[in-house]
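Chain by chain, the residues:
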Amino acid sequence: MSTYIVKKSGLDESKIKQALDMLLIDRRNEFRELSGVLLKTAKSSEHVPYSEQFVLNFCLDVNDAFKTWSGQMPLSVSSPQKALTILRQLSRDKTTMNQLAHLLNISYTLADEFLEIYRRLK
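Residues numbered from 1 in each chain as written. Predicted model: local features only at pLDDT ≥ 70, side-chain atom pairs only at ≥ 80, totals over all residues. Heavy atoms only, no water.

Caption draft 1: Representation of the environment of aspartate 112 in the model. Residue placement: aspartate 112 occurs in helix α4 (residues 97-120). Note: C-alpha distance between aspartate 112 and leucine 60 (52 residues apart in sequence) is 8.2 Å. (Helix = DSSP H or I, 4+ residues; strand = E, 2+ residues; numbered from the N terminus.)

Pasting the structure below:
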């Protein structure tokens, strides 16, 4: 059975899983909130397979997009499309910029915490 892979170059797959599991201990609610927005799951309690990995990939994309927006990373050919896709995914059914900013902040924070946990693993 194939598993969903977190795509971040230079990261070890086993450490990714360990760091994600550790992050989920304290941040499961944030993952659930983003999953509800990004995956548009039904109101049932049915778990979407690999939703945590999907959300983590999205958060890492938000983190990279912010680094591009702030000049910490160079602009790539796909940067404008990636930024627009992120904003469209998060702003679906939202009525204020505060709601969008809240989701962007959650995404950025989750990615930052994940990368910090990953960095500290041996």
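Caption draft 2: Focus on the pattern of salt bridges. Evaluation of the coordinates by the stated rule reveals 7 salt bridges. Between aspartate 21 and lysine 17 there is a salt bridge whose closest N-O contact spans 3.1 Å. Of this pair, aspartate 21 and lysine 17 both sit in helix α1 (residues 13-38), 4 residues apart, which is roughly one turn of the helix. Residue classification places lysine 17 among the exposed positions, given a relative accessible area of 53%. Glutamate 113 serves as the salt-bridge partner of arginine 27, at 2.8 Å between the closest nitrogen and oxygen. Highlighted residues: arginine 27 in helix α1 and glutamate 113 in helix α4, separated in sequence by 86 residues. Under the relative-accessibility criterion, glutamate 113 is labelled partly exposed at 25%. Overlapping salt bridges, with partners in common, bring together Arg27, Glu30 and Glu113 in one network. (Salt bridge = Lys/Arg side-chain N within 4 Å of Asp/Glu carboxyl O. Buried < 20%, exposed > 50% of the residue type's maximum accessible area, 1.4 Å probe, protein only.)

Caption draft 3: Spotlight on the packing of aromatic side chains. Here the structure, examined in full by the defined rule, presents 2 aromatic pairs. Taking 5.2 Å as the distance between ring centres and 70° as the angle between the ring planes, the aromatic pair formed by phenylalanine 66 and tyrosine 108 counts as edge-to-face. Pair noted here: phenylalanine 66 is in helix α2 (residues 51-69) and tyrosine 108 is in helix α4, with a separation of 42 residues, a long-range link. Between phenylalanine 114 and tyrosine 118, the aromatic rings sit 6.2 Å apart at their centres with planes inclined by 35°, giving tilted as the arrangement. Linking phenylalanine 114 with tyrosine 118, this pair stays in helix α4, spanning 4 residues, or about one helical turn. Note on tyrosine 118: relative accessible area 10%, which makes it buried. In this structure, lysine 15 packs its charged tip against the face of tyrosine 118, placed 4.5 Å from the ring centre. (Phe/Tyr/Trp six-rings, centres within 6.5 Å; stacked < 30°, edge-to-face > 60°. Lys NZ or Arg CZ within 6 Å of the ring centre and 35° of its normal.)

Caption draft 4: Expanded view of unusual backbone geometry. One non-glycine residue, aspartate 93, lies in the positive phi region at around 70°. Tracing the sequence through the fold places aspartate 93 in the loop between α3 (79-91) and α4.

Caption draft 5: View of the nonpolar core. In terms of nonpolar packing, the biggest core is built from 28 residues, with Phe31, Leu34, Leu56, Ile86, Leu90, Leu110 and Phe114 touching the most fellow members. For this core, the element with the most residues is α1, which contributes 9 residues. Among all residues touching leucine 90, those that are not within four sequence positions of it are Leu34, Val37, Leu38, Phe58, Leu100, Leu103, Leu104 and Ser107. (Core = buried A, V, L, I, M, F, W, Y, C linked by side-chain atoms within 4.5 Å. Contact = heavy atoms within 4.5 Å.)

Caption draft 6: Looking closely at α4. For α4, which comprises 24 residues, the first-to-last C-alpha distance of 34 Å matches the rise-based estimate of 34 Å (1.5 Å per residue) to within 8%. Within the sequence span of α4, burial applies to Leu100, Leu103, Leu104, Ile106, Ser107, Leu110, Ala111, Phe114 and Tyr118. Tucked into the core, α4 has its buried residues touching α1, α2 and α3. (Expected span 1.5 Å × (residues − 1).)

Caption draft 7: Fine view of the packing of α1 against α4. The N-to-C vectors of α1 and α4 enclose an angle of 175°; their axes lie 9 Å apart at closest approach. The angle between the axes of α1 and α4 places the two elements in the roughly antiparallel class. Where α1 abuts α4, its residues Lys15, Ile16, Ala19, Leu20, Met22, Leu23, Arg27, Glu30, Phe31, Glu33, Leu34 and Val37 lie against His102, Leu103, Ile106, Ser107, Leu110, Glu113, Phe114, Ile117 and Tyr118. A breakdown of the residues in the contact of α1 with α4 according to their chemical character gives 14 nonpolar, 2 polar and 5 charged. (Axes fitted to C-alpha atoms, helices over the stretch in contact; angles between N-to-C directions. Parallel < 35°, antiparallel > 145°, perpendicular 65-115°, else oblique. Nonpolar A, V, L, I, M, F, W, Y, C, P; charged D, E, K, R; others polar.)

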